[in-house]
Amino acid sequence: MSSTQLHPACPACGQEIVIDSRKRILEALPERGYIRQKLLIPHLVPYSPATLWRRVKSGEFPAPIKLSPRITAWRIEDVKAWLNANPDSKRRSKSSPQ
C-alpha cells in the first residue's frame, strides 16, 4: 500500500490534490490556531463526521471551540496531541474483525 493518497480535484485549478502523508500535513500546520472539520476528516482523522462527533461527545477526541454562531473549530495543538497519543489511528477496513 502506497503512502500517497489521492484526493479530489482542487476547486481553484482542477488539478488532483496529492498528499504524501498525514505527517506532511501536520508539519505544514502552524503551532497554534484552529482547524475546521472539513480539513480534519479527509486529511487527518480516520472517522466519518458522525463518528467524530460521537468521539467528541464520549471524550475520546478533543472538544471543538465555537468561534462564532456558525463556526466550530478544533485547536490545532489539541488535535496534534491527540494524533501523537493515538499513532494507530489509521483507517480500518470494513472487513476487519470487530
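First, a word on what this report is: a plain description of the structure on this page. What you are looking at is a predicted structure, and each value in this text was computed from that prediction instead of being measured.

1. Comments concerning the overall build of the protein chain
The secondary structure content of the protein chain amounts to four helices and five strands. When the helices and strands of the protein chain are placed in sequence order, the string is β-β-α-β-α-α-β-β-α. Classification of the 98 residues of the protein chain by burial places 24% in the buried group. Here the contacts in the protein chain between residues at least 6 apart in sequence split such that 39% fall between residues at least 24 apart. Element-wise, carbon and sulfur atoms account for 54% of the exposed surface of the protein chain, whose accessible area totals about 7,500 Å².

2. A few points about the pairing of strand S5 (residues 71–75)
Inspection of the sheet shows strand S3 (residues 34–35) paired to S5 by two bridges, in the antiparallel sense. If you follow Tyr34 over to S5, its bridge partner there is Arg75. Counting the residues that bridge the hairpin from strand S4 (residues 65–68) to S5 gives two residues.

Rules used throughout
Residues numbered from 1 in each chain as written. Predicted model: local features only at pLDDT ≥ 70, side-chain atom pairs only at ≥ 80, totals over all residues. Heavy atoms only, no water. Helix = DSSP H or I, 4+ residues; strand = E, 2+ residues; numbered from the N terminus. Buried < 20%, exposed > 50% of the residue type's maximum accessible area, 1.4 Å probe, protein only. Contact = heavy atoms within 4.5 Å. Areas by Shrake-Rupley, 256 points an atom, 1.4 Å probe, with all protein chains shown as cover. Pairing = 2+ DSSP bridges.

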